[in-house]
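Inside the fold
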Amino acid sequence: MFTFAVVKKQNRDIEIPEGAVEVLLHACCAPCSSAIVEWMLAHEVRPTIFYFNPNIWPREEYEIRKEESKRHAESLGLRWIDGDYDHERWLEAVRGLEGEPERGGRCLQCFAYRLKAVALQAKELGLQYFTTTLASSRWKSLEQITEAGLQAQKAVEGTTFWAQNWRKGGLQERRNQLLREYAFYNQQYCGCEFSMRHLQKITETI
Ligand code: SF4
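Residues numbered from 1 in each chain as written. Predicted model: local features only at pLDDT ≥ 70, side-chain atom pairs only at ≥ 80, totals over all residues. Heavy atoms only, no water.

1. Topic: the confidence of the model for the protein
Per-residue pLDDT for the protein averages 93, and the proportion of residues at 70 or more is 91%. A low-confidence stretch, residues 1–8 (pLDDT under 50), is modelled with 23 contacts involving residues beyond four sequence positions or located in other chains. (pLDDT = per-residue confidence, 0-100. Contact = heavy atoms within 4.5 Å.)

Structure follows, in structure tokens:
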């Protein structure tokens, strides 16, 4: 597991890397961002939110999740950056992996694709640290997310991936509370068409 040599603050579950007063937070959706953002603000870390999720399909679903992320950021007066939506390019990136199960090779590639873009955005903004709300989902592999984040860090000089299990420190429970408080749209599948078909197959067998 990746650890930081120097930490600014430490509690039982979450470590803030030295100098991380402003970070680029990749947001997969508003519900997954909510408790992380709240925790960061309470610990003097200012997040800039970057919404970059070209994996989401169809476009209508993408727009709903995007607007919810924007609404959340605006309610807190946070900077929110809209990433490109080029789903065809994302499909190219995962070509040959369409039949993989969730948590398989396609998901690793999907994380790597998104986090590379996040690292590039961090560099453009002059921010050293970036992290992702993907690491708050119990449905995703934390190991894959960490691997993808560290690959992105390596590929983009001057950036550092803040590898963190964002389910810890009571954030999983707080996420569920905030989901209700904000009345966020709560999606039923991960995002891409392959995860949607998987959900449909499960629904058909019930
Ligand atoms: S299931 Fe989710 S993480 Fe995996 S490829 Fe699809 S959108 Fe990406």
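2. Here's the deal with the sheet that holds strand S3 (residues 22–26)
As a general point, the strands of a sheet are linked pairwise by backbone hydrogen bonds and lie either parallel or antiparallel. What the five strands build is an open sheet, ordered S5-S4-S3-S6-S7; its pairing is parallel. Taken across any chain shown, the strands that pair with only one partner, and hence form the sheet edges, are strand S5 (80–82) and strand S7 (160–161). Bridge count between S3 and strand S6 (residues 129–132): three bridges; the pairing is parallel. Note on S6: the bridge partner recorded for His26 is Thr132. The sheet contacts of helix H1 (residues 30–42) involve S3, strand S4 (46–51) and S6, and relative to S4 the element is tilted by about 155°. (Pairing = 2+ DSSP bridges. Helix = DSSP H or I, 4+ residues; strand = E, 2+ residues; numbered from the N terminus. Axes fitted to C-alpha atoms, helices over the stretch in contact; angles between N-to-C directions.)

3. Remarks on unusual backbone geometry
Put simply, Trp57 and Pro58 share a cis peptide bond, and its omega is 0°. The phi torsion at Glu44 lies on the positive side, around 60°, for a residue other than glycine. Relative to the helices and strands, Glu44 is located in the loop between H1 and S4. Unusually for a residue other than glycine, Ala183 sits at a positive phi of about 55°. When you line up the elements, Ala183 lands in the loop between helix H6 (171–182) and helix H7 (193–205).

4. Quick word on the pairing of S3
Across the five residues that make up S3, a large majority, four, are buried. Across five bridges, the pairing between S3 and S4 is parallel. Within S4, the position partnered with Leu25 by the bridge is Ile49. Crossover handedness for the path S3 to H1 to S4: right-handed. (Buried < 20%, exposed > 50% of the residue type's maximum accessible area, 1.4 Å probe, protein only. Right-handed = clockwise from strand over helix to strand, strands pointing away.)

5. A word on the nonpolar core
With 51 residues, the main nonpolar core has Trp39, Met40, Phe130, Trp162 and Trp166 as its most contacted residues. Per-element tally for this core: the top contributor is helix H4 (residues 105–125), with eight residues. Not counting chain neighbours up to four residues away, the residues in contact with Trp166 comprise Ile14, Ile36, Trp39, Met40, Thr131, Thr132, Ala135, Ser136 and Leu171. Core analysis: the second largest hydrophobic core is formed by six residues, Trp90, Val94, Cys110 and Phe194 among them. (Core = buried A, V, L, I, M, F, W, Y, C linked by side-chain atoms within 4.5 Å.)

6. Section: the pattern of salt bridges
Inspection of the entire model under this criterion finds eight salt bridges. Residue Arg59 is joined to Glu63 by a salt bridge in which the shortest nitrogen-to-oxygen separation is 2.9 Å. Highlighted residues: Arg59 and Glu63, both in helix H2 (residues 59–75), separated by four residues, approximately one helical turn. By relative accessible area, which is 26% here, Glu63 ends up partly exposed. Three or more residues joined by partner-sharing salt bridges are found here, namely Arg59, Glu63, Lys66 and Asp82. (Salt bridge = Lys/Arg side-chain N within 4 Å of Asp/Glu carboxyl O.)

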